[in-house]
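Chain by chain, the residues run as shown.
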Amino acid sequence: MATATFPEVRSRFFSRQEIAAVRRPLNLASFLPPRIYSDDAIFDFEKAAMFRRSWLPFCHVSQLPQAGSYVARQLFDESLIALRGGDGALNVFSNVCRHRNAALTLPGIGRCKGKRISCPYHGWTYDLDGRLIAAPFMDRTDDFHKGEITLPRVRFEIWHGFIFVNFDDQAPGLLGQLKPLEPKVAPYRFEDMVAIEFRRATVNWNWKISLENFSEAYHQPFIHPQTFDGQFPATLATYDDVEGPYGMFWMHQKNGEIPPFLVPPVEGMPDEYYRAYSVVNVYPLLHLFMDASIPLWMDWNILGKDRHELIWYMLVPASRLANADAQQLKARFQEIMEPILLEDVGVCEAVGAGVRSALARAGRISHMEKTVWQFHNWLLDQYLDQR
């Protein structure tokens, strides 16, 4: 029997054998070594290189409903603000004043007063297109022309209502990379939904542990036997092949029945969408857990190697909110999701502790962890990128 050979690949993080183990076919593969969760140098690389050249979800268009609406966030060391202009156009700018580098506004969602945004430090003021329109007491400063000063623009693309940003002008566009996913995602019509936050928690483990936990059904019989697996058994889950920086899998109702929905589901979807949940990840940080009625969007604020904030949103079709009490709907959604999410906390804490062990090793992969294997191959592509 011929022995498989692998091209010589050099990496400062992994041996040739560790790389080859992840690249093997699913039934022969192993995970990346557990130090990807615990090694300071790997996390420093993720911050300085990987995240800065990846497409990062920033907000949803429904959070910017009118002229002057903004979402301000800190993405690693960058303070950014997404604004809807007076003409309805969207832009993403640096949220740092061009005078003494103070943040123009704190992280959060709001609306600019008077369709302008002013620095709280010295009152420099910008319009919704990022142009400096006022700079108090600068009249004695020679060769100062406020019309030449603008907030730096940040590259962004909109995918089904989600605004993604990228700090690398040379990075391939997002929409082209996700084109193979379009036929499967388009029926949900996320762009016609409203994002409503229903949960926020800070947790003390590596960010990849969270993403991986929500990227497979293998753990359901052991962690969610009553809350989820009874109706959507892990043994019926199906995992899609991928052709880009994403993963997707499906959890089917055990009898092929249509489950109850909190609001009427999106119309015109393929019949199987009404009888299953699906999960979509767009790497590294977009996670969607979807039924045909109210999908869940999980967002992130990464605070450190072993600490991140998770923010959960329900995505409600805008047409359904007109005939629903939003607060009552949110409470009912929380009642369903909270027990499931709490069940995951203990196991994520256990993994977070275990990966720090000197005896921890890369494990073998189940066919029910195909999406995690795809994620590890995507990660490996980033770790081997020498740019």
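A short tour of the structure in this document, coming up. This is a predicted model, so every value here is computed, not measured.

Turning our attention to unusual backbone geometry. Following Tyr283, the chain continues into Pro284 via a peptide bond in cis, with omega recorded as 10 degrees. Its location among the elements puts Pro284 in the loop between strand S14 (276–282) and strand S15 (286–290). For Phe76, which is not glycine, the phi dihedral falls at a positive 60 degrees. With respect to the helices and strands, Phe76 occurs in the loop between strand S2 (69–75) and strand S3 (78–84).

Attention now goes to the pairing of S15. For S15, the tally of buried residues reaches 5 of 5 residues, placing the bulk of the element in the interior. Burial along S15 is two-sided: the residues Leu286, Leu288 and Met290 and His287 and Phe289 are all buried. Where S14 meets S15, 5 bridges bridge the pair, whose relative direction is antiparallel. Looking at the pairing, Val279 lines up with Phe289 of S15. In this sheet, strand S16 (residues 296–304) lies alongside S15 in antiparallel orientation, the contact comprising 3 bridges. Across the sheet, Phe289 pairs through a bridge with Leu296, a residue of S16. Counted between consecutive antiparallel strands, the loop separating S15 from S16 contains 5 residues.

Take the nonpolar core next. Residues Phe14, Trp207, Met251, Leu379 and Tyr383 are the most contacted members of the largest nonpolar core, which totals 75 residues. The contact partners of Leu379, leaving out residues within four places of it in the chain, are Leu32, Ile36, Met50, Trp207 and Lys208. Within the second largest apolar cluster, 30 residues are counted, among which are Leu174, Met193, Ala195 and Tyr273.

Right, let's get into the side chain of Lys305. Mapped onto the elements, Lys305 comes out in the loop between S16 and strand S17 (307–317). Lys305 gets classed as buried once you look at its relative accessible area, which sits at 15%. At 3.3 Å, the side chain of Lys305 forms a polar contact with the backbone oxygen of Ser38. Side chain to side chain, Lys305 and Asp306 meet in a polar contact 2.8 Å long. Apart from the residues within four sequence positions on either side, Lys305 is in contact with Tyr37, Ser38, Asp39, Asp40, Phe43, Trp205, Asn206 and Trp207.

Procedures and definitions
- Residues numbered from 1 in each chain as written.
- Predicted model: local features only at pLDDT ≥ 70, side-chain atom pairs only at ≥ 80, totals over all residues.
- Heavy atoms only, no water.
- Helix = DSSP H or I, 4+ residues; strand = E, 2+ residues; numbered from the N terminus.
- Buried < 20%, exposed > 50% of the residue type's maximum accessible area, 1.4 Å probe, protein only.
- Pairing = 2+ DSSP bridges.
- Core = buried A, V, L, I, M, F, W, Y, C linked by side-chain atoms within 4.5 Å.
- Contact = heavy atoms within 4.5 Å.
- Polar contact = N/O pair within 3.5 Å; in protein donor to acceptor, adjacent residues only side chain to side chain.

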